[in-house]
Amino acid sequence: MEYLSLANAAVQIAKRMGSYAAEAYVLDAKSLTIEVANNELETLKFSEDRGIGLRVISDRGTVGFAYSTNFNQLGDLAGQALANSQYSFTDPYHGLPQNVSTNFEIQLWNETIAAATVEEKIEMAKQIEQSAQAADSRITRTERCGYEDAAYGVALANSNGLAHYYRSGYCGLYGVVLAEQNGDVQTGTGLLYTRNFAKLNPEEVGKEAAWNAGLLLGAKRIHTVKAAVVLPPYIAASFCSVLIPALCADSVQKGRSIFKNKLGQKVVSSLFTLTDDGRLADGIATCPVDGEGVPTGKHDLIIDGVLNQYLYNTYTAKKDGVSSTGNGMRGSFKTMPEVGPTNIYIQPGTTPREKLIAEVQNGFYVTNVMGMHTANPISGDFSVGAAGVWIKNGQMTQPVRGVAIAGNILDLFAGIDGVGNDLRFFGAKGAPTLRLDRVTVSGS
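What you are looking at is a predicted structure, and each value in this text was computed from that prediction instead of being measured.

Caption draft 1: Inspection of the nonpolar core at higher detail. Among the nonpolar cores identified, the biggest contains 59 residues, and Phe-239, Phe-259, Phe-272, Phe-364 and Phe-413 are the most heavily contacted of them. The contact partners of Phe-413, leaving out residues within four places of it in the chain, are Phe-239, Cys-240, Leu-243, Val-268, Ser-269, Phe-272 and Leu-434. The next biggest cluster of nonpolar side chains, apart from the first, holds 26 residues, and it includes Ala-179, Leu-200, Ala-210 and Ala-213.

Encoded structure:
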């Protein structure tokens, strides 16, 4: 059975069995992972995930959910979802979105990904390793270099007449290599993800990994100092990740967000604008509708340092009396939609990265952070280990290791005094280079 017809059939069966409202979500996903090390193939893995999730809502506002990988037993699926609804609490904010037309012209699936052979993809992974070794003779080992891609189809229907189907996919390269000199060993990473197979460049990924590894060789400890800090795009995106859960409406409504009751207030530097764009042309997370069928769009969450809005799905929007922002996201057919970002990124500035560094008299260029997952999105407090290179009179000088950066994420971003023009995405998160004024770097 064709997937959209399958979703519609599941909705109709649930309605006939007594559901007040129903929604079916069908996912058919395939992925490929290739990893090489020392010019030898180590991993070749194909995986597939296919199934249907059914959500039902009673006239009392109770919700039941069930999922299955068997498309031939929709009656059993609906019966299980209805049975599960008997055990949930009544909630007036449960509901399904109405059918709204959406104008979406972005081509999400690039056939060149499927057209390339497995042998070609293995060779690309090997080229990453070869490029890293050619870029720096100190690259002595490879932890892993890999290629991966994913293709998926989504069908979504509900009892309000909503029905959508789309196909999407992406591909990517990554390399993790080790540089060694005088007994010191450092790790470097390079990566690139896109929806366009032609944009993959294994040579550049290998060079990036080699540069990051070689940069930290000979790193030393320093004493505690207050100085400018420069965050390259990958590290800036990592710090920005602390803000994302706090911008989701469910966290705000539960009192678990640093941004609660701060709409319209200045929260960070006026140089900082944060955007979520579900229709970004080459975005990995770009899609016509979210996991509930609400059209996606572009939303500026923080504008020039001022908190502008939160991310909503249908439930949280109804609770606040606003419209969904199209951010009801699903990671699988096995879950109901939760609030989450699409392509989220810090807007770039106009200053070249080189100029941001050249203007630093005494500062720290961060290349690695450890422990970012321990940051608290409720308070905004964080403490991470860091490594990088010291900047003196605008020049990269001594590699540094064994230091820590701690504080509050809003205070950190309030100190931004320079934003680069080098926006770069790492999966669905993106950032340019950021320069921060007078941050405490804790050393020995």
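That shown, we press on.
Caption draft 2: Geometry of the packing of aromatic side chains. In total, this model carries ten aromatic pairs according to the counting rule given. For the pair Tyr-147 and Phe-197, a centre-to-centre distance of 6.3 Å together with 70° between the ring planes defines the contact as edge-to-face. Taken together, the residues span a long stretch of sequence, with Tyr-147 in strand β4 (residues 139-158) and Phe-197 in the loop between β6 (184-194) and α5 (202-215) at a distance of 50 residues. Take Tyr-147 and Phe-197: they sit in the same class, and that class is buried.

Caption draft 3: Representation of unusual backbone geometry within the structure. A positive phi angle is found at Asn-182, which is not glycine, with a value near 55°. Relative to the elements of secondary structure, Asn-182 occurs in the loop between β5 (163-181) and β6. Positioned with a positive phi, Asn-393 is a non-glycine residue whose angle comes to about 50°. Residue class for Asn-393 comes out exposed when judged on its relative accessible area of 52%.

Caption draft 4: Here's a closer look at helix α1 (residues 3-16). For α1, which comprises 14 residues, the first-to-last C-alpha distance of 20 Å matches the rise-based estimate of 20 Å (1.5 Å per residue) to within 8%. Those residues of α1 that are buried lie in contact with β1 (21-37), β2 (40-57), α2 (74-85), β4 and β5. The positive-phi residue at the C-terminal boundary of α1 is Gly-18, with phi of around 115°.

Caption draft 5: Looking closely at the sheet that holds β1. A sheet is described by the order of its strands in space; here six strands give the open sequence β3-β2-β1-β4-β5-β6, paired in antiparallel fashion. Looking at which strands have only one partner, the edges of the open sheet turn out to be β3 (63-68) and β6. Here the average twist between neighbouring strands, direction ignored, is 20°. Judged from the six bridges that link them, β2 and β3 form a sheet pairing that is antiparallel. Within β3, the residue paired with Leu-54 across the bridge is Ala-66. In this fold α2 packs onto β2 and β3, with an angle of close to 150° to the strand it touches most, β3. Strands in contact with α5 are β4, β5 and β6; relative to β6, the strand with the most contacts, it is inclined by about 150°.

Caption draft 6: Structural context of the packing of α1 against α2. Two numbers describe how α1 lies on α2: the axes approach to 9 Å, and their chain directions differ by 55°. Our classification of the angle between α1 and α2 gives oblique. Here α1 runs over α2; the crossing is right-handed. Listed contacts from α2 to Leu-6, Ala-9, Ala-10, Ile-13 and Ala-14 of α1 are Leu-74, Gly-75, Ala-78 and Leu-82.

Caption draft 7: Seen up close, the sheet that holds strand β8 (residues 274-277). Pairing is mixed across the open sheet formed by six strands, whose spatial order is β10-β9-β8-β13-β19-β18. At either end of the open sheet lies a strand with only one pairing partner, and these are β10 (306-307) and β18 (424-426). Alignment of strand β13 (residues 344-346) against strand β19 (residues 429-431), held across two bridges, turns out to be parallel. By the bridge assignment, Ile-344 is partnered in β19 with Lys-429.

Cut-off values and rules
- Residues numbered from 1 in each chain as written.
- Predicted model: local features only at pLDDT ≥ 70, side-chain atom pairs only at ≥ 80, totals over all residues.
- Heavy atoms only, no water.
- Core = buried A, V, L, I, M, F, W, Y, C linked by side-chain atoms within 4.5 Å.
- Buried < 20%, exposed > 50% of the residue type's maximum accessible area, 1.4 Å probe, protein only.
- Contact = heavy atoms within 4.5 Å.
- Phe/Tyr/Trp six-rings, centres within 6.5 Å; stacked < 30°, edge-to-face > 60°.
- Helix = DSSP H or I, 4+ residues; strand = E, 2+ residues; numbered from the N terminus.
- Expected span 1.5 Å × (residues − 1).
- Pairing = 2+ DSSP bridges.
- Axes fitted to C-alpha atoms, helices over the stretch in contact; angles between N-to-C directions.
- Parallel < 35°, antiparallel > 145°, perpendicular 65-115°, else oblique.
- Left-handed = near helix turned anticlockwise from the far one by under 90°.

Note that every value here comes from positions in space, so none of it alone points to a role or purpose.
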